[in-house]
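Listed below are the residues making up each chain.
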Amino acid sequence: MLSVKQLNAGYGKFQILFDVNIEAPPNAITTLLGPNGSGKSTLLKTIFGLTSVYSGEVWYNGTNITKLPPHERAKLGLAYLPQVGSTFNELTVEENLKMAAYTLPPEEYRERLEEVFSMFPILREFRKRRAGSLSGGQRQMLAIAMALMRKAKFIMLDEPTAMLAPKVAYEIAETIVELKRRGITVLLAEQNALLALEIADKAYLLVSGRVVFEGKPKELLENPELGKMYLGLSS
Ligand code: ADP
Ligand code: MG
């Protein structure tokens, strides 16, 4: 579904990513782990077209999207949820969902709205509340719901469980599994390695802008050096 090939990218003249190769298979959760500053966010931004690519390619569903602007990528079904600021906090929940779906004809808008409300009953209940008044977990759900309103097929989430209480983080993890059940492909950057490895089908470990591990979550959990050194996992 998505492949990053031999990518070198960064910000202006500051190269952050070096020879990165990533494959996110369809209908699966791929997680991107690594210590702070290793380039996880930069990689997601690059896939969405927000950084400078020096060489290498990004392919999505058989199309080379390396040079497409972000809005064209969004049209193809890619969504990128940054760590903060994916919602309009001054607007109500329903207004946020409306904003996300402004290109949809009214009938389709209502259909989609029903779908996201059935997935997130709490958003239906709070539809008249300002997004800024929601809890962190609820705002994260709203951001995911907005991506669904836009009919995203490939969703990149940047540390969606950061700063959340463990129970809420778990709910977000369950939501991510539900996305997969609904046929959406997920690329998940996480600091919370244990939680991510629990739900992921495939894992990458990024260190200083380079991929140092690619494989099954179980292999990473069972690799004492990598797990301990970079992810704070005890063996
Ligand atoms: P991670 O998400 O893994 O914590 P980032 O991708 O945010 O890592 O950061 C990787 C490196 O890129 C860091 O050294 C960071 O300082 C640098 N960086 C991030 N954003 C910018 C920017 N807009 N301009 C220049 N350097 C940046
Ligand atoms: Mg980051």
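For the structure, see preceding data.
Residues numbered from 1 in each chain as written. Chains lettered and ligands numbered in written order. Predicted model: local features only at pLDDT ≥ 70, side-chain atom pairs only at ≥ 80, totals over all residues. Heavy atoms only, no water.

1. Some thoughts on the overall build of the protein chain
Scanning the protein chain for helices and strands turns up 10 helices and 10 strands. For 235 residues, the compact-globule estimate of 2.2 N^0.38 gives 18 Å, and the protein chain sits close to it at 18 Å. With respect to the three principal axes, the spread of C-alpha positions in the protein chain is 50 × 40 × 30 Å. Counting every atom, the protein chain has about 11,300 Å² of accessible surface; 53% of that belongs to carbon and sulfur. Put simply, the protein chain has 28 plus and 25 minus side-chain charges, and the middle of one group is 4 Å from the middle of the other. (Helix = DSSP H or I, 4+ residues; strand = E, 2+ residues; numbered from the N terminus. Rg over C-alpha atoms; globule rule 2.2 N^0.38 Å. Areas by Shrake-Rupley, 256 points an atom, 1.4 Å probe, with all protein chains shown as cover. Lys, Arg positive; Asp, Glu negative; His and termini not counted. Charge placed at Lys NZ, Arg CZ, Asp CG, Glu CD.)

2. Re empty space enclosed by the protein
Following the criterion strictly, the structure yields 2 cavities of 30 Å³ or more and no others. Taken as a whole, the largest cavity encloses approximately 50 Å³ of empty space. In terms of lining, the largest cavity is formed by Pro160, Thr161, Ala173, Ile176, Leu188, Glu190, Asn192, Leu195, Ala196 and Ile199. Among the secondary structure elements, those contributing two or more residues to the lining of the largest cavity are helix H7 (166-181), strand E8 (185-190) and helix H8 (193-199). Looking at the lining of the largest cavity element by element, the count peaks at 3 residues for H8. (1 Å grid on protein atoms, 1.4 Å probe; cavity = no way out; pocket = protein on both sides within 12 Å on 5 of 7 lines; lining within 4 Å. Points joined across faces, edges and corners; volume = space filled by probe spheres on them.)

3. Thoughts on the sheet that holds strand E2 (residues 14-24)
Within the open sheet, the 4 strands sit side by side as E2-E1-E4-E5. Their pairing is antiparallel. Of all the strands in the sheet, the pair left with one neighbour each is E2 and strand E5 (63-64). As defined by bridge partners, strand E4 (residues 52-60) adjoins E5 across 2 bridges and the pair is classed as antiparallel. In the strand pairing of E5, Tyr60 is matched with Thr63. (Pairing = 2+ DSSP bridges.)

4. Section: helix H1 (residues 40-48)
Among the 9 residues of H1, 7 are classified as buried, and the element is accordingly described as predominantly covered. Buried within H1 are the following residues: Lys40, Thr42, Leu43, Leu44, Thr46, Ile47 and Phe48. Of the residues flanking the end of H1, it is Gly49, one or two places downstream, whose phi is positive at about 90°. (Buried < 20%, exposed > 50% of the residue type's maximum accessible area, 1.4 Å probe, protein only.)

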